[in-house]
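In case you want the letters, here they are:
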Amino acid sequence: MKNIILCGFMGCGKSTIGRRLSKKTGAEFVDMDKYIEEKAGLTVAEIFEQFGEEGFRKMEREACRELAEKSGLIIAAGGGTLTFRENVDVLGSTGRIVFINVSYEQLCERLKRDTRRPLLQVENRNERIRELLTERLPMYNRAASIVVDGNFNSAVVTDFILGIVK
Ligand code: S3P
């Protein structure tokens, strides 16, 4: 089986849906943020603190290259991973990239209590979400060969994806 790579903004449900897909298909699930954290022995927030976003992106690039060596995985990418052409090329060559598209309003609601994502620890969080989403939407669409409406609960979105990739 080829890999299935889940892509989309922070809070779109990549990890939850990835875990559900893994249960339903028996394929191994890899959460890229967790993979990076385990390798570094630090949380994503600590990596940003100690090495800056640049340092994190470097580790993320490395993680893409390592995971691309494997097959049969369900991979939840980070929200920024597939905004970089290099990562899209590396991961995209190993399987199908699925963009889980969630509306701005839903994302603001889902992310309003977040304390662990460094990019969202700013005064005007919704404004930040709007800026990043505007910049990234075209990139997600370009990266993915499948786009699903993610404004439903994770069980429904999982079934949408299964229906397409089967
Ligand atoms: C990021 C998203 C995060 C994590 C890091 C940067 C981003 O992953 O990789 O905080 O640039 O959107 P999630 O999308 O899993 O929250």
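Below: a short report on this structure. If you're wondering where the values come from, they're calculated on a predicted model, not measured in any experiment.

1. As for the overall build of the protein chain
Per the secondary structure count, the protein chain includes seven helices and five strands. Written out in order from the N terminus, the α and β elements of the protein chain read β-α-β-α-α-β-α-β-α-α-β-α. Relative to the compact-globule value of 15 Å for 166 residues, the protein chain shows a C-alpha radius of gyration of 15 Å, a close match. Projected onto the principal axes, the alpha-carbon positions of the protein chain cover approximately 45 × 35 × 25 Å. Expressed as a percentage of its 166 residues, the buried residues of the protein chain come to 47%. Summarising the internal contacts of the protein chain: among those between residues at least 6 apart in sequence, 72% fall at separations of at least 24. Summed over all atoms, the accessible surface of the protein chain reaches about 8600 Å², with 48% contributed by carbon and sulfur. A gap of 6 Å separates the mean positions of the 26 positive and 24 negative side-chain charges of the protein chain.

2. What about the packing of helix α2 (residues 32–40) against helix α3 (residues 44–67)?
At a minimum axis separation of 9 Å, α2 and α3 run at an interaxial angle of 110 degrees. Taken as axis vectors, α2 and α3 run roughly perpendicular relative to one another. Seen along the crossing, α2 lies across α3 with a hand that is right-handed. Two secondary-structure elements touch here, α2 through M32, D33, Y35, I36, E37, K39 and A40 and α3 through V44, I47, F56, M59, E60, E62, A63, C64, E66 and L67. Taken together, the residues that form the contact of α2 with α3 break down as 11 nonpolar, no polar and six charged.

3. A closer look at the pairing of strand β1 (residues 3–7)
Burial analysis of β1 places five of its five residues in the buried class, the great majority of the element. On β1, burial covers both faces: N3, I5 and C7 on one face and I4 and L6 on the other are all buried. Direction of pairing for β1 relative to strand β4 (residues 95–101): parallel, over a ladder of five bridges. Following the sheet pairing, I5 is matched in β4 by I97.

4. Structural notes on the site of the ligand
In the vicinity of the ligand there are 13 residues, among which K14, D33, R57, R117 and R136 approach most closely. With respect to the ligand, the side chain of R136 contributes an N or O atom lying 2.7 Å from an oxygen atom. No other element matches the three residues that α3 contributes to the shell around the ligand.

5. Describing the pattern of salt bridges
Counting across every chain of the model gives 10 salt bridges. With a shortest N-O distance of 3.6 Å, E131 and R128 are connected by a salt bridge. One end of the pair, E131, and the other, R128, are both in helix α6 (residues 125–143), three residues apart, so they sit about a helical turn from each other. Note on R128: relative accessible area 24%, which makes it partly exposed. Shared partners join several salt bridges into a network, and the residues in it are K39, E62 and E66.

6. Regarding the packing of helix α1 (residues 14–25) against helix α7 (residues 154–165)
Put simply, α1 and α7 touch, their axes get as near as 9 Å, and they point 55 degrees apart. By the angle between their directions, the pair α1 and α7 is classed as oblique. Here the hand of the crossing between α1 and α7 comes out right-handed. On α7, the residues that touch T16, I17, R20, L21, K24 and T25 of α1 are S154, A155, V157, T158, D159, I161 and L162. For the contact of α1 with α7, the residue count by class is six nonpolar, four polar and three charged.

Reading the values: rules and limits
Residues numbered from 1 in each chain as written. Predicted model: local features only at pLDDT ≥ 70, side-chain atom pairs only at ≥ 80, totals over all residues. Heavy atoms only, no water. Helix = DSSP H or I, 4+ residues; strand = E, 2+ residues; numbered from the N terminus. Rg over C-alpha atoms; globule rule 2.2 N^0.38 Å. Buried < 20%, exposed > 50% of the residue type's maximum accessible area, 1.4 Å probe, protein only. Contact = heavy atoms within 4.5 Å. Areas by Shrake-Rupley, 256 points an atom, 1.4 Å probe, with all protein chains shown as cover. Lys, Arg positive; Asp, Glu negative; His and termini not counted. Charge placed at Lys NZ, Arg CZ, Asp CG, Glu CD. Axes fitted to C-alpha atoms, helices over the stretch in contact; angles between N-to-C directions. Parallel < 35°, antiparallel > 145°, perpendicular 65-115°, else oblique. Left-handed = near helix turned anticlockwise from the far one by under 90°. Nonpolar A, V, L, I, M, F, W, Y, C, P; charged D, E, K, R; others polar. Pairing = 2+ DSSP bridges. Near = heavy atom within 4 Å. Polar contact = N/O pair within 3.5 Å; in protein donor to acceptor, adjacent residues only side chain to side chain. Salt bridge = Lys/Arg side-chain N within 4 Å of Asp/Glu carboxyl O.

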